[in-house]
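# Examining the three-dimensional arrangement
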Protein chains: 2
Amino acid sequence: MTGSYLGHELARRGVAPDCAQTIELVRDVLARVGDKWTLLTITVLASGPLRFTALHEQVAGISQRMLSQTLRALTRDGLVTRTAYPQVPPRVEYALTPLGHSLSEAVDGLVHWVRDHQSDILRHRENFERADDSNGADAHGG
Amino acid sequence: MTGSYLGHELARRGVAPDCAQTIELVRDVLARVGDKWTLLTITVLASGPLRFTALHEQVAGISQRMLSQTLRALTRDGLVTRTAYPQVPPRVEYALTPLGHSLSEAVDGLVHWVRDHQSDILRHRENFERADDSNGADAHGG
DNA sequence: CTGTATCCGCTCCGATACTG
DNA sequence: CAGTATCGGAGCGGATACAG
């Protein structure tokens, strides 16, 4: 059996446009979470509110451009809040909203899954590499 | 509170390399699932084994190139199996492995989350658009 | 039927410079 | 401190042609 919610939706094919829209949104959200920087950002933010520079430090490796962009997207979806304090020098704090925390927890399920099966994935990859080699190369040892 | 597993890991900062590796893998898997075509493919496959052409029909909109590529990546990770029957014309069947089904179910958690909160996200997006507009434009009505 | 190889446009993303 | 604007390289992904 499938047991898959999304799969079930897709399996019906003749679903209402509303469902199709949901599927689009699912992929959209998943793409965002699977984004190179978004996952790191929200998980770092999950520990508490942070300023722009602090975030830049914590996520590390991210450019200002990408951080700004990522934060914007997150804010746009109501996953994080942006609070600017009218001071000098400027002080802006980013924090996960309840919705953001909620998503963070939902993602946790996947994280645990990866945790539990990472060795399987790694092993399969190695096997695949070997099989691929023996296909393309000649039989050196009979 | 965070309540976040991954967030907790990251919050520690001084984690062992093993954990860091896990995080990499998490992002890797998440990126794959969030991929433009992967999610659709695995969910379609969740309903049962399919041939290449059938898959091409079901996923619809995907090119042979991308389907082949996606399937390869999935096979590589042990998420799907590729069974070639030595016939003519060629017949190749793709099916989700237990691991693949497992992942599919793990993703379901996220799918349900999106289902439950899609209206929130949509609403926030609209609000953001409006706020953005009133920022950039002049105050027309005082 | 089941792929692979090539061309090509487009977007992503990093580096850098500049602004308030 | 907190961003935005611009340039340029690299990879994604679509259309098409070709191969077993």
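Located above this text is the structure these notes cover.
This structure is a prediction, so every number in the text was calculated from the model and none was measured. Along each chain, residues carry numbers from 1 onward, in the same order as the chain's sequence is written. Here every chain gets a letter starting at A, and every ligand a number starting at 1, in the order they are written. Local features in a predicted model are, by the rule used here, given only for residues with pLDDT of at least 70; side-chain atom pairs are given and counted only at 80 or more, and totals for whole chains, interfaces and linings are based on all residues. Only hydrogens and water are set aside when side-chain values are computed; all heavy atoms of the structure are taken into account.

## Things to note about helix α5 (residues 64-76) of chain A
All names here are of chain A. By definition, any uninterrupted DSSP run of H or I lasting at least four residues is a helix, any uninterrupted run of E lasting at least two residues is a strand, and each is numbered from the N terminus. A helix is expected to reach a length of 1.5 Å times the quantity of its residues less one. Under the 1.5 Å per step criterion, the end-to-end length of α5 is 18 Å for 13 residues, consistent within 8% with the ideal 18 Å. Under the scheme applied here, a residue whose accessible area is under 20% of the maximum for its type counts as buried, over 50% as exposed, and between as partly exposed, the area being computed with a 1.4 Å probe on protein chains only. Taken residue by residue, α5 has L67, T70, L71, A73, L74 and T75 as its buried positions. Count one or two residues on from α5 and you reach G78, which has phi positive near 75 degrees.

## Brief notes about the sheet that holds strand β1 (residues 50-51) of chain A
All names here are of chain A. One requirement defines pairing of two strands: DSSP has to find at least two bridges between them. Ordered in space as β1-β3-β2, the three strands form an open sheet in which the pairing is antiparallel. Strands with a single pairing partner mark the edges of an open sheet, and in this sheet they are β1 and β2 (80-85). As defined by bridge partners, β1 adjoins strand β3 (residues 91-96) across two bridges and the pair is classed as antiparallel. Pairing of L50 across the sheet is with Y94, part of β3. Relative to the sheet, helix α3 (residues 38-45) contacts β1, β2 and β3, its axis offset from that of β3 by approximately 95 degrees. Residue contacts are counted whenever heavy atoms from the two residues lie within 4.5 Å of one another. Throughout, an axis means a line fitted to C-alpha atoms (over the contacting stretch in the case of helices), and angles, computed between N-to-C directions, take values from 0 to 180 degrees.

## Here we look at the protein's contact with DNA strand D
Around DNA strand D sit 20 residues, and of these T53(A), S68(A), R82(A), Y94(A) and M66(B) come closest. A molecule or strand has a residue near it when one of that residue's heavy atoms lies within 4 Å. Of all atoms in DNA strand D that approach within 4 Å of the protein, 65% are sugar or phosphate atoms. Definition of a polar contact: a pair of N or O atoms within 3.5 Å, with one able to donate and the other able to accept a hydrogen when the atoms are protein atoms, and with sequence-neighbouring residues admitted only if both atoms are side-chain atoms. The side chain of Q64(A) places a nitrogen or oxygen atom 3.0 Å from a base nitrogen of DNA strand D. One of the side-chain N or O atoms of R65(B) is found 3.0 Å from a base nitrogen in DNA strand D. Where the surface near DNA strand D is concerned, the elements lending two or more residues are α4 (52-59), α5 and β3 of chain A together with α5 (64-76) of chain B. Among the elements that make up the surface near DNA strand D, the one with the highest residue count is α5(A) (four residues). Polar here means any residue outside two lists: the nonpolar Ala, Val, Leu, Ile, Met, Phe, Trp, Tyr, Cys and Pro, and the charged Asp, Glu, Lys and Arg; Gly therefore counts as polar. Split by residue class, the surface near DNA strand D holds eight nonpolar, four polar and eight charged.

## Notes on the protein's contact with DNA strand C
Around DNA strand C, the structure places 20 residues, and the nearest of them are M66(A), T53(B), S68(B), R82(B) and Y94(B). Considering DNA strand C, the proportion of its atoms within 4 Å of the protein that are sugar or phosphate atoms stands at 64%. Here a base oxygen of DNA strand C sits 3.3 Å away from a polar atom, N or O, in the side chain of R65(A). Going through the elements one at a time, α5 of chain A together with α4 (52-59), α5 and β3 (91-96) of chain B are the ones with two or more residues in the surface near DNA strand C. Per-element tally for the surface near DNA strand C: the top contributor is α5(B), with four residues. Partitioning the surface near DNA strand C into residue classes produces eight nonpolar, four polar and eight charged.

## Observations regarding the pattern of salt bridges
Once their charged atoms are close, side chains differing in charge can pair, the charge on each being opposite to the other. The term salt bridge refers to a pairing of a side-chain nitrogen on Lys or Arg with a carboxyl oxygen on Asp or Glu at a separation within 4 Å. Inspection of every chain in the model, using the stated rule, returns eight salt bridges over all chains. Its salt-bridge partner being R125(B), residue D77(A) comes within 2.7 Å of it at the nearest N-O pair. Note that D77(A) is positioned in the loop between α5 and β2 and R125(B) in helix α6 (residues 98-136), a pairing that runs across two chains. For R125(B), a relative accessible area of 14% puts it in the buried group. Ionic contacts of the salt-bridge type, sharing partners, join the residues R32(A), D77(A) and R125(B) into one network.

These results come straight from atomic positions and should not be treated as a statement about function.
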